[in-house]
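Below are the chains, spelled out letter by letter.
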Amino acid sequence: MLTDPRISRLITLVEGALRPPPGAGRIGLALALGVLCHSLFAAAVLAMMAAMFFGMSESFGTVPWPWAWLANAALILQFPLAHSLLLTGRGGRVIARLMPGPYGSTLVTTTYAIIASAQLLALFALWTPSGIIWWRAEGFLSWAISFAYAASWLLLLKASFDAGAEVQSGALGWMSLMARKRPVFPDMPTVGLFRLIRQPIYVAFALTLWTVPVWTPDQLALAVCYTAYCLLAPRLKECRFVSRYGSRFEDYRASVPYAVPRLRLGKDLPKSRKT
């Protein structure tokens, strides 16, 4: 198990953070950002799980109608727009400049996770419910759908681990700063769920949108908008991967489907073409 790069990277990262070189200011900044990052991350995930479980019918938003439609639309749009822009090369440079001092480039993943978590927390905590409930599962059906909802979240957790938990959680930045080392990013993900489809994180997130036991106009709007985003946005990501990995990604793309797995799962990935 320790030979698995997904685990060995995490162990190396944690070991470096637990034995940091001297530097009280650097260590204090890293710890403060780590606490902020993971606190916001946990709050955002819990808010998202709870809000969607109740079909977006429970939240803290109080914008009067009909203005609530505009407020909710802005909340839906702000995450995918910023998410896509900040993941570009120019967006990464902007994130690096948000942190004062010489540590901006080291902290890019942590800064990005803080921003994304704050956006998601705002979406699910500040949503103004319509008050309309179309359907609520009851009895055995409620348990079955709730199980599917939990399974979708576990699938999302597994996909995030396969992609690189240290990047997805934002830990890579602040732990690298603690260890005073340059962040080591995971290689192109091709293991775990990435052997079945190229975009398991987006597919798993889309599944969480549709496996809820309560349906409202609010949940339908969220599910339609974010499912469209989950299907379209990865195309931009794959353009970046073509530039970064070249023929390796082209071979991977040719052999692994985008979002729906093939029935034949036993074949190995083809070897990269010789250059």
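Okay, the overall build of the protein chain next. Regarding its fold elements, the protein chain presents 10 helices and 2 strands. Helices and strands in the protein chain line up, N terminus first, as α-α-α-α-α-β-α-α-α-β-α-α. Computed over the C-alpha atoms, the radius of gyration of the protein chain is 20 Å, within 12% of the 19 Å expected from 2.2 N^0.38 for a compact globule of 275 residues. By its C-alpha atoms, the protein chain is 55 × 50 × 35 Å across when sized along the principal axes.

For the rest of this paragraph, the subject is the state of the cysteines. Tallying each qualifying case throughout the model produces 0 disulfides. Cysteine Cys225 remains unbridged, with the sulfur of Cys230 as its closest cysteine sulfur at 11 Å. Owing to a relative accessible area of 38%, Cys225 belongs among the partly exposed residues under this scheme.

So, about empty space enclosed by the protein. Tallied over the full model, the rule gives 1 cavity of 30 Å³ or more. Approximately 50 Å³ is the volume attributed to the largest cavity. Every residue lining the largest cavity is listed: Pro189, Phe194, Arg198, Gln199, Lys237, Glu238, Phe241, Phe249 and Tyr252. Elements represented by at least two residues in the lining of the largest cavity include exactly α9 (217-245) and α10 (247-255). Per-element accounting of the lining of the largest cavity gives the leading share, 3 residues, to α9. The residue inventory of the lining of the largest cavity, partitioned by class, reads 5 nonpolar, 1 polar and 3 charged.

The tally for this structure, following the rule as stated, stands at 11 aromatic pairs. For the pair Phe53 and Tyr149, a centre-to-centre distance of 5.9 Å together with 50° between the ring planes defines the contact as tilted. Here Phe53, found in helix α2 (residues 24-53), pairs with Tyr149, found in helix α6 (residues 139-168); they are 96 residues apart in sequence, far enough to count as distant. Its relative accessible area of 27% is what places Phe53 among the partly exposed residues. Judged by relative accessible area, which is 5%, Tyr149 ranks as buried. Ring-pair connections join several aromatic residues into one group, and the members of that group are Phe53, Phe54, Tyr149 and Trp153. Residue placement shows Arg235 over the ring face of Tyr258; its charged tip is 3.8 Å from the ring centre.

Turning to the packing of α2 against α6, a few remarks are in order. The interhelical angle for the contact between α2 and α6, taken along N-to-C directions, is 155°, at an axis separation of 12 Å. Judged by the angle between their axes, α2 and α6 are roughly antiparallel. Crossing handedness for the pair α2 and α6: right-handed. Along its contact with α2, which presents Phe41, Val45, Met48, Met49, Met52 and Phe53, the element α6 presents Ser146, Tyr149, Trp153 and Gln168. Here the residues of the contact of α2 with α6 sort into 8 nonpolar, 2 polar and no charged.

We now examine a nonpolar patch on the surface. On the surface, Ile132, Trp134, Trp135, Leu141, Trp210, Leu220 and Val224 cluster together into a nonpolar patch covering about 670 Å² of accessible area. Residue placement: Ile132 occurs in the loop between α5 (108-125) and β1 (135-136).

Trp65 connects to Pro66 through a cis peptide bond whose omega is 10°. In this structure, Pro66 sits in the loop between α2 and α3 (67-86). With a phi angle near 60°, Met56 is a residue other than glycine that sits in the positive phi range. With respect to the helices and strands, Met56 occurs in the loop between α2 and α3. Of note, Arg180 is a non-glycine position whose phi angle comes to about 55°, a positive value. Positionally, Arg180 belongs in the loop between α7 (171-179) and α8 (200-210).

Criteria and thresholds
- Residues numbered from 1 in each chain as written.
- Predicted model: local features only at pLDDT ≥ 70, side-chain atom pairs only at ≥ 80, totals over all residues.
- Heavy atoms only, no water.
- Helix = DSSP H or I, 4+ residues; strand = E, 2+ residues; numbered from the N terminus.
- Rg over C-alpha atoms; globule rule 2.2 N^0.38 Å.
- Disulfide = S-S within 2.5 Å.
- Buried < 20%, exposed > 50% of the residue type's maximum accessible area, 1.4 Å probe, protein only.
- 1 Å grid on protein atoms, 1.4 Å probe; cavity = no way out; pocket = protein on both sides within 12 Å on 5 of 7 lines; lining within 4 Å.
- Points joined across faces, edges and corners; volume = space filled by probe spheres on them.
- Nonpolar A, V, L, I, M, F, W, Y, C, P; charged D, E, K, R; others polar.
- Phe/Tyr/Trp six-rings, centres within 6.5 Å; stacked < 30°, edge-to-face > 60°.
- Lys NZ or Arg CZ within 6 Å of the ring centre and 35° of its normal.
- Axes fitted to C-alpha atoms, helices over the stretch in contact; angles between N-to-C directions.
- Parallel < 35°, antiparallel > 145°, perpendicular 65-115°, else oblique.
- Left-handed = near helix turned anticlockwise from the far one by under 90°.
- Contact = heavy atoms within 4.5 Å.
- Patch = residues over 30% accessible without salt bridge, like charges linked within 9 Å, V, L, I, M, F, W, Y side chains within 5 Å.
- Areas by Shrake-Rupley, 256 points an atom, 1.4 Å probe, with all protein chains shown as cover.
- Salt bridge = Lys/Arg side-chain N within 4 Å of Asp/Glu carboxyl O.

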